[in-house]
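An overview of the molecular structure
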Amino acid sequence: MNKNLITLAILAGSSLMSSPVLAFADAGQKAEQEVSRTAINQQPIVENKLEDEKVEKITITGSRLRRDSFSVATPLVTISREAIEDAGIGSLSTILVEEIPALSESLSNTNTQSSITGTGISTVNLRNLGSDRTLTLIDGRRVVSNSYNGNYVSLSTIPAGMLEKVEVITGGASATYGSDAIAGVVNIITQQNKEGLEFKVRSGETPEGGGEELTLDLNYGTDFNEGRGYFYFSTTYDKQGEIAWNERDRAAIETDFDYDEDLMCNTNGTVDGDQCVRDITKDDWRARSDGLPGGVFVEGSGGIGGFWYNSDGLQSDWNEERDGVNYRQWDKLRTPEDTFSTAFKVNYELTDDITGFFQIQYSNNQSVNVKAPEDEYEGSLVLVIDPVTGETSRVKSSKIPLTNPYIPEEILAATDSDIKWDRRMYEVGNVTTDNERETIRTWAGLQGTLFDGDWDWDVSVGYGNFQQEQKRLNEINVLNLKQALDAEYAEDGTTIQCADVDARAAGCVPVNLFGEGSITEDAADWIRANPTISKEIEQLSFIGYIAGDLFTLPAGPVPVVIGAEYRKDKQSIGTSYDQQYGGITFNIVPAFSGEIDVKEVFVEAAFPLLTDAPLAKSLTAETSLRLADYSHENIDLMSSYKLGLTWEPVEGYMLRANYARAQRAPNITEVLSPARGDYDDYVDICEGVTANSTGAGHDNCRKEVSIAALISEDPNFALADENSGYSPNAGNDQLKEETGDTYTFGISMAPGFIDNLQLAVDYYDITVDGAIEEIDNNEIINQCYNSSREWGESNEFCNQITRDSDGQIVEVMQRLYNVGELSTRGYDIALAYQYDLEELGVLKFKADMTHVIEYTKTYLGNDGEETLNYKGELESGIFDDSASASVSWSNDNWRISWSTKYKSAIVDSHERVQEHQAMFAANDANCAAGLDNCVLDPETPDYLYYGSYIKHNFSASYTTQWQDSEVRLFAGVNNVFDNKGPFVARGGSVGETGVGNFGSSYGGGVGRFLYLGSEVKF
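Residues numbered from 1 in each chain as written. Predicted model: local features only at pLDDT ≥ 70, side-chain atom pairs only at ≥ 80, totals over all residues. Heavy atoms only, no water.

Our next topic: the overall build of the protein chain. Within the protein chain, the regular secondary structure consists of 15 helices and 58 strands. Taking 1018 residues into account, the globule formula puts the C-alpha radius of gyration at 31 Å, and the protein chain, at 31 Å, falls close to it. For the protein chain, the spread of C-alpha atoms along the principal axes amounts to about 100 × 75 × 60 Å. Within the span of the protein chain, comprising 1018 residues, buried residues form 58% of the whole. Per element, the accessible surface of the protein chain, about 40,400 Å² overall, is 51% carbon and sulfur. (Helix = DSSP H or I, 4+ residues; strand = E, 2+ residues; numbered from the N terminus. Rg over C-alpha atoms; globule rule 2.2 N^0.38 Å. Buried < 20%, exposed > 50% of the residue type's maximum accessible area, 1.4 Å probe, protein only. Areas by Shrake-Rupley, 256 points an atom, 1.4 Å probe, with all protein chains shown as cover.)

This is how it looks when you write it as structure tokens:
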């Protein structure tokens, strides 16, 4: 029985044009040679297919057009099951990023430690255009998303044993798959014809501790009913352990980096304030918090002076950098994750011409992230939404009234105003984010042939359901805390109670902040908040198409595909009362729901123009078109199409050019979501503003009411930037679709004078017009205070910024807009070579490289178009060059592989580079003028320029027969030389911060990883 289903995995337009791949074959020998553009099929394959007279026609990722195997090109990259096994990694997304330079990791358990919705999700994106523009398919089918933030399909939801291979192709695939495929497609191909029972166990860990992994796979496939039916079952349990702060020495280094512009030296915080790093050692570095378990009271300016508690009781002469707590000790370099997934599929030949198919997948993912106990202080603001009017306000915990009976006499005698305080609520417990996700995906349909097998047809229905339950434990109810701090003696003169009568009626328990363990269990219960978020996403889809040769030109038949698709997506977000209306130390996530449906029709065709002509062994034109009608009012009828040409002048060489118009409609959250809390780094341009400072934007900074008042009270006032990074996100119901134009030009070569050598070079140029994006926080701040537009309410950027009475930014609102243009261009190079060592085995070499020429975002600012450059910037994660290479040897039962991953040198942020250059130019001018403020031999700012990065992996496996089974033993070392990447400072004046001083772009501190395992096949 032919178990290969017609693969619904296709990029619109022309696979032969968009994929930098070649398929060269000698039709007389019926030999098919596949060449991938960027990976050239990660394991280059030369297959001899000696079959019947009738050549089988197939479809591949890139087009639904049905052609024989000699006239198609392989996808951009194919990652085989063998390559996945050699990686020795449990995360499929990490494997893909390791193997394919054009892919980058979007979400993983090394970069979502602080994420509200992302922890436990693993996604990838192409060309750094984002997961929303990279469509992930399973067997060519759209599937339900694993996040309400966008169309994010978590690769960890697919059983490992279900994988046959992964196909990746870039460049505007909306004409084939509709929205979300602007960058391209990642297609997960499941097992089609494997038979027998398999059991696999893999275990690994890092030598330094932490990061333990365990994977168990059970798979079974079989024919039944005399080969008319096929059944396959797979289940996987995968456990990935955490890496804690104390398991990496680098994480213990306290970083609070800054640059002294007067001394022109790199500084770090110390007990005695910021000092030049050259004058101290790392043992002197401090980055402490005043969030002590016993509290800090009446704290002086700059964290010097005041009262505090340790295990010996009340202390005076507080010094934050000496006596404070290193709160980063609770950082997780990698969050733990447990995943159970299972799936089965059935194909059955109902008649000789009709086959039925059904597949269902289930996954359960759990991730628990334990963080520090909540740190609260008197000025901490939380957002509150009135449930009736919807009006917003901000509430502080407030200072402790002098009438509070718990205040010690020593503190009371030292002040005549209400008590400032800061305390970490150890008694309430560690803040814990508990995420549980369940995903069900299923589809069923019929496929068959018409007209004596000359045409194929396929109709199917798919349904997916994703549910997430998130518990956020041990947050603080600031409204209750505010009431509990306003305490008094009851009429008996002994009992301490909450002063507010209504609060007492509601169960208010007074809170004593003074001393370690001073908060009683009842008081902890009163101020504790355990908000919850429930999410459900549903997807229902129907698709049908027919494919065959419409007519024949002199150069060959013209294959066409005509089809239609209907899809409905629904999602709902439910939150607990405190989560929805605020008043707690956690982001507000409003409840909302919405749905979107789309009706689409599509057509594809290929036109062979020449064949076996002089300088034209083949010349083919291909085109495709998709029309989509979305239910969103602001979205016009969307049209996506592709036009392309492939030219094989002589055997072994192919040129191709392709143009694709791809569109993406905004998703439900992007259109309908109310403002929901989030945190993101930004720098206050008003930092350092004084009564007469001349910094950029400072004239407008002094117009802020709060800053003006502070300067009026203290002529020596200088603003210190202590923002929390709070930056809530909001949707926009006026969003329209974004449109991407993709151009690709390339050449693939398999020269006959060098056997088994394959080379491909391709140029790409992608421009997304009307890109749905947020404007960077720093740009919002800059456009408000440092542009030609007048500061104030008439400046829309200023309306997104909120400050408190201390002059601090407490919120920068992030709204989505069709901002302008997102552009990227570059080229890919791929090389593959196989050498036969005869009785010594086979040697294979492959290398893949991506070079980014441009990556920019353009938007309309107050002074015209503003273009931001993200290429070569660690803060954006876009390296100029990324490459991977491997060499493998196989002989009889042995397979040994060595692979290498490379990332080019990069800067922290272009903004910091510009500041550095301007600062050095000004100093050079001072020196040339002989001024006293000239600094000789100024230091280059630290954490600004990072060198190139390279790491190596090794794997080996041995396969033998044991009784009636096949046993494979395997082991390996990833990151052989333990290269954890450059030191990326955890805190301070840098663009990109690194958890534990490790950069997530360099593995997040995992380092060397050892693994071993075995697989038994019956």
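That covers the picture; the talk isn't over yet.
Okay, the confidence of the model for the protein chain next. Regions with low pLDDT should not have their predicted coordinates read in detail. In the predicted model, the protein chain carries a mean pLDDT of 87, and the fraction of residues at 70 or more is 91%. Contacts for the low-pLDDT stretch residues 1–60, under 50 throughout, to residues beyond four places or in other chains number 261 contacts. (pLDDT = per-residue confidence, 0-100. Contact = heavy atoms within 4.5 Å.)

A separate point is a nonpolar patch on the surface. A cluster of nonpolar side chains, Leu197, Phe199, Leu214, Leu216, Leu218, Tyr220 and Phe1018, forms an exposed patch at the surface whose accessible area comes to about 570 Å². Among the elements that line the nonpolar patch, the one with the most residues is strand β14 (residues 213–224), at four residues. Following the sequence through the fold, Tyr220 ends up in strand β14. (Patch = residues over 30% accessible without salt bridge, like charges linked within 9 Å, V, L, I, M, F, W, Y side chains within 5 Å. Salt bridge = Lys/Arg side-chain N within 4 Å of Asp/Glu carboxyl O.)

Okay, the packing of aromatic side chains next. On inspection of all chains with the given rule, the structure shows 23 aromatic pairs. Seen from their ring centres, Tyr641 and Tyr659 are 6.1 Å apart, and the 55 degrees between their planes marks the pair as tilted. Pair noted here: Tyr641 is in strand β40 (residues 638–648) and Tyr659 is in strand β41 (residues 653–664), with a separation of 18 residues, a long-range link. With relative accessibility at 18%, the residue Tyr659 sits in the buried group. Centre to centre, the rings of Phe879 and Tyr1002 are 5.9 Å apart; their planes meet at 85 degrees, and the pair counts as edge-to-face. Linking Phe879 in the loop between β51 (864–869) and β52 (881–891) with Tyr1002 in the loop between β57 (965–974) and β58 (1009–1017), this pair joins segments that are 123 residues apart in sequence. Put simply, the rings of Phe231, Phe344 and Phe358 touch in pairs and so form one group of aromatic residues. Lying over the aromatic face of Tyr764, Arg127 brings its terminal NZ or CZ to 3.8 Å of the ring centre. (Phe/Tyr/Trp six-rings, centres within 6.5 Å; stacked < 30°, edge-to-face > 60°. Lys NZ or Arg CZ within 6 Å of the ring centre and 35° of its normal.)

Val166 and Ile188 are the most contacted members of the largest nonpolar core, which has 62 residues in total. Counting 25 residues, the second largest nonpolar core, distinct from the first, contains Phe297, Tyr309, Leu513 and Ala523. (Core = buried A, V, L, I, M, F, W, Y, C linked by side-chain atoms within 4.5 Å.)

All told, the structure shown has five disulfides when counted by the stated rule. Each sulfur of the disulfide joining Cys498 and Cys508 lies 2.0 Å from the other. Negative torsions about the S-S bond denote left-handed disulfides, and the value of about -75 degrees found for Cys498 with Cys508 makes this one left-handed. With Cys498 in strand β34 (residues 496–498) and Cys508 in the loop between α8 (501–505) and α9 (521–527), the pair connects residues that are ten residues apart, well separated along the chain. The exposure class of Cys508 is buried, given its relative accessible area of 10%. Residue Cys686 pairs covalently with Cys701 via a disulfide, S to S 1.9 Å. Measuring the twist about the S-S bond at about -85 degrees, one finds the Cys686-Cys701 disulfide to be left-handed. Here the residue Cys686 occupies a position in the loop between α11 (668–672) and α12 (698–701), and Cys701 occupies one in helix α12, the gap between them amounting to 15 residues. We note that Cys686, like Cys701, is buried. Once the disulfide-bonded cysteines of the protein chain are ranked by sequence position, their pairing pattern turns out to be 1-2, 3-4, 5-6, 7-8, 9-10. (Disulfide = S-S within 2.5 Å.)

So, on to unusual backbone geometry. Negative phi characterises most residues that are not glycine, and trans characterises most peptide bonds. In this structure, Asn128 takes a positive phi of about 60 degrees despite not being glycine. Mapped onto the fold, Asn128 is located in the loop between β8 (123–126) and β9 (134–138). For Asn128, a relative accessible area of 23% corresponds to the partly exposed category. The backbone phi angle of Asn756 is positive, close to 65 degrees, even though this residue is not glycine. Structurally, Asn756 is set in the loop between β43 (738–749) and β44 (757–769). On the accessibility criterion, Asn756 (29% relative accessible area) is partly exposed.

Turning our eyes to something else, we now look at the pattern of salt bridges. Throughout the structure, instances matching the rule amount to 50 salt bridges. The partner of Glu208 in a salt bridge is Lys980, with the nearest N and O atoms 2.4 Å apart. Of this pair, Glu208 sits in the loop between β13 (196–205) and β14 while Lys980 sits in the loop between β57 and β58, and the two are 772 residues apart along the sequence. Residue Glu208 is classed as partly exposed on the basis of its relative accessible area of 37%. Put simply, Lys736 and Asp636 hold a salt bridge, and the shortest N to O gap is 3.5 Å. With Lys736 in the loop between β42 (729–730) and β43 and Asp636 in the loop between β39 (616–630) and β40, the pair connects residues that are 100 residues apart, well separated along the chain. Judged by its relative accessible area of 44%, Asp636 falls in the partly exposed class. One network of salt bridges, with partners in common, ties together Arg133, Arg664, Glu670, Glu738, Glu773, Asp776 and Lys857.

Below, the discussion takes up helix α13 (residues 705–713). When we look at burial in α13, the residues that qualify are Ser706, Ile707, Leu710 and Ile711. Along the long axis of α13, the arc covered by the buried residues comes to 135 degrees, so they all point the same way. For α13, the exposed residues set more than 90 degrees away from the buried face come down to Val705, Ser712 and Glu713. On the buried face of α13, the contacting elements are α12 and β46 (801–803). (Arc of directions from axis to C-beta.)

Right, let's talk about the side chain of Gln361 for a bit. Note on placement: Gln361 falls in strand β25 (residues 354–373). There is a polar contact of 2.9 Å between the side chain of Gln361 and the side chain of Gln359. Here Gln361 is in contact with Ile138, Thr190, Thr342, Ala343, Thr439, Ile440, Arg441 and Trp443, once residues within four sequence places are set aside. (Polar contact = N/O pair within 3.5 Å; in protein donor to acceptor, adjacent residues only side chain to side chain.)

For the rest of this paragraph, the subject is the pairing of strand β27 (residues 381–385). A regular strand places its side chains so that they alternate between the two faces of the sheet. Counting buried positions over the five residues of β27 gives four, a clear majority of the element. Bridging between β27 and strand β28 (residues 392–396) involves five bridges; their strand directions are antiparallel. Bridge pairing links Leu381 to Lys396 in β28. Counted along the chain from β27 to the antiparallel partner β28, the turn is six residues long, and its residue Gly390 has a positive phi close to 80 degrees. (Pairing = 2+ DSSP bridges.)

Residue placement: Pro941 occurs in the loop between α15 (910–928) and β55 (945–946). Residues Pro941 and Thr267, spaced 674 residues apart in sequence, show a C-alpha to C-alpha distance of 9.3 Å. Leave out the neighbours within four places in its chain, and Pro941 touches Tyr259, Asn266, Arg912, His916 and Phe920.

This next bit is on helix α3 (residues 92–99). Helical periodicity: at 3.6 residues per turn, an α-helix aligns residues three or four positions apart in one direction. Of all eight residues that make up α3, seven are buried, and the element is covered over most of its length. For α3, every residue scored as buried is listed here: Leu92, Ser93, Ile95, Leu96, Val97, Glu98 and Glu99.

Attention now moves to the sheet that holds strand β21 (residues 307–310). Taken in spatial order, the five strands make up an open sheet running β22-β21-β20-β29-β26, and their pairing is antiparallel. Of all the strands in the sheet, the pair left with one neighbour each is β22 (313–315) and β26 (375–377). Looking at chain direction, strand β20 (residues 296–297) and strand β29 (residues 421–424) are connected through two bridges and run antiparallel. Across the sheet, the residue bridging to Phe297 is Trp421, located in β29.

Judged from the seven bridges that link them, β40 and β41 form a sheet pairing that is antiparallel. Residue pairing across strands places Gly644 opposite Asn658, the latter belonging to β41. A loop of four residues connects β40 with β41, the two strands running antiparallel in sequence, and Gly652 in this loop sits at a positive phi of about 100 degrees. Here twelve bridges tie β41 to β43, and the two strands are oriented antiparallel to one another. Bridge pairing in β43 places Asn658 opposite Thr744.

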